[in-house]
Structures are given as structure tokens and as C-alpha cells.
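Understanding the architecture of this molecule
Each chain, written out:
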Amino acid sequence: MPSLGRLHLITDTRAGRDPLAVVRAALTVAHADLVVQVRVEDSATDREAYDLTRRVLALCASYRATCLVNDRLHVALAAGAAGGHVGADDLPVAAARLVLGPTGVLGATARAPGPAHEAVAAGASYLGVGPCHTTSTKTGLPDPIGPAGVRAVVDAVDVPVIAIGGVTAARVPALRAAGAYGVAVVGAVSAAADPALATAELIEALTC
């Protein structure tokens, strides 16, 4: 598995957003510390997801940053991404591991020690754990688990834990203290007036 960056940026492809501009700005600051997870709207076609992934990969290549694809593992394979991430309603982790093969980076979503342990046993390379705080980026999420919930998962597994959900630079120190290897963000960078500055603040918080 390639070295996993501590800051995971999930693309925001909603109307009015420019995911490529945001990725480009973040990469100029974070370099290989950035993992870009290509996530598209459910209404997007596979062709649209593929085209975006190829363009993100081209940007990541200059900085040796990792590119993953959310949910659509066939797109990850076709585009040449390093791997993918599956959520609770996507392919089971064991099935996703079969699709990606033994060397692909595979992230899985978990929010409690039991499911987290099962995901790792099934082949997850890292875990996205949350939501840690309230977020407006995605609807229908369960209640936030906070840093204490992150710590419970960290203590149960031996793979990197990436905290997600309402993450800001100010909240990073508590999540790192809880044992999180890194954090995943959408709005904290994509909705920022200056995505490069927002990225720099997150990287600084992660490395303190």
C-alpha cells in the first residue's frame, strides 16, 4: 500500500463547485500529504466519474499524492486510481477487496469498534470514522460520535483511522489526541474562500 497522507480531501461536485480548482489549490500546499477521494453525485454517470478521476489523477501525479474513488470501484480500476473507499451501503468490504485485489488501497466506513474490527478483518487498509461532528455536507447521517468515539475505534484496530464529519482545523488537535491518524474534509476546503489557506491550516494542525 502506498504511504497514506494524513489529509483526505473528498471532492465536492455539487452545483456551483469547482472540484478541480480546489484539488489543484490543496495539492500546491499539501503535496503527498494529501489523499484525494473522488466522490460524485449519485446522478453522475460512470463516464463523468471516470473523466473527473482521470483529471484528478493527472493533478496528483505531479505531487505523488494518492487518488482514491468513492464507491465506484470499477471506475477506480479503469482510471488507474490507487484504490477506493466503500461506505455502509456500498459493496461489503470483503467483496470490495476482491474487486481491488490484494494491493489496492481500500478504505471502509465505521463508527464503532465491532464493525471497525470486522472491516479490517475483511481487508480494509484504513477506516473512515464518523461523523465526528455535525455536518451539512451529507444528509441522513447518524449522531456524531465525537473524539471519544474515534478513540474507541482506534483502540480496536491496527490500521490508520481517518476522522470525518464536521472537521475543521480547530477540531483537529482533539481528534489527533484521540488517536486519529488523519482527517477527511469536504466543506472545510471546498467551501473556503481560500482553499489553499484552508489546506495549510489543516496540515499545520495535523503536524503539530
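Here the structure is a predicted model, which is why all the values come from computation and not from measurement.

Looking at the sheet that holds strand S1 (residues 7-10)
Hydrogen bonds between backbone groups are what pair the strands of a sheet, and the pairing can be parallel or antiparallel. Taken in spatial order, the eight strands line up as S1-S2-S3-S4-S5-S6-S7-S8 and close into a barrel, and their pairing is parallel. Between one strand and the next, the sheet's axes are offset by a mean angle of 25°, whatever the strand orientation. Across the sheet, helix H1 (residues 19-30) lies against S1 and strand S2 (34-38), angled at about 165° from S2, the strand it touches most. Along the sheet, helix H9 (residues 195-207) makes contact with S1 and strand S8 (182-185), crossing S1 at roughly 150°.

Quick look at the nonpolar core
Of all hydrophobic cores here, the largest spans 62 residues; its most connected members are Val 56, Leu 127, Val 150 and Val 183. Beyond its immediate stretch of four places on either side in the chain, Val 183 contacts Arg 6, Leu 7, His 8, Ile 162, Ala 163, Val 167, Val 172, Leu 175 and Leu 206. Judged by nonpolar contacts, the second largest core, of nine residues, contains Val 35, Leu 68, Val 105 and Ala 184.

Points about unusual backbone geometry
Between Gly 130 and the following residue, Pro 131, the backbone shows a cis peptide bond with an omega angle of 5°. The phi dihedral of Arg 64 is positive, around 55°, even though this residue is not glycine. Here Arg 64 lies in the loop between helix H2 (46-61) and strand S3 (66-70). Residue Arg 64 is classed as exposed on the basis of its relative accessible area, which comes to 75%. The phi dihedral of Asp 71 is positive, around 75°, even though this residue is not glycine. Along the chain, the position of Asp 71 falls in the loop between S3 and helix H3 (73-79). Asp 71 gets classed as partly exposed once you look at its relative accessible area, which sits at 32%.

Re the packing of H1 against H2
With their axes 10 Å apart at the nearest point, H1 and H2 run at an angle of 20° to one another. In this view, H1 runs roughly parallel relative to H2, as classed from their interaxial angle. In the crossing of H1 with H2, the sense of the turn from one axis to the other is right-handed. For the pair H1 and H2, contact is made by Pro 19, Leu 20, Val 23, Arg 24 and Leu 27 and by Leu 52, Arg 55, Val 56, Leu 59 and Cys 60, respectively. Residue classes in the contact of H1 with H2 are distributed as eight nonpolar, no polar and two charged.

About the criteria used
- Residues numbered from 1 in each chain as written.
- Predicted model: local features only at pLDDT ≥ 70, side-chain atom pairs only at ≥ 80, totals over all residues.
- Heavy atoms only, no water.
- Pairing = 2+ DSSP bridges.
- Helix = DSSP H or I, 4+ residues; strand = E, 2+ residues; numbered from the N terminus.
- Axes fitted to C-alpha atoms, helices over the stretch in contact; angles between N-to-C directions.
- Contact = heavy atoms within 4.5 Å.
- Core = buried A, V, L, I, M, F, W, Y, C linked by side-chain atoms within 4.5 Å.
- Buried < 20%, exposed > 50% of the residue type's maximum accessible area, 1.4 Å probe, protein only.
- Parallel < 35°, antiparallel > 145°, perpendicular 65-115°, else oblique.
- Left-handed = near helix turned anticlockwise from the far one by under 90°.
- Nonpolar A, V, L, I, M, F, W, Y, C, P; charged D, E, K, R; others polar.

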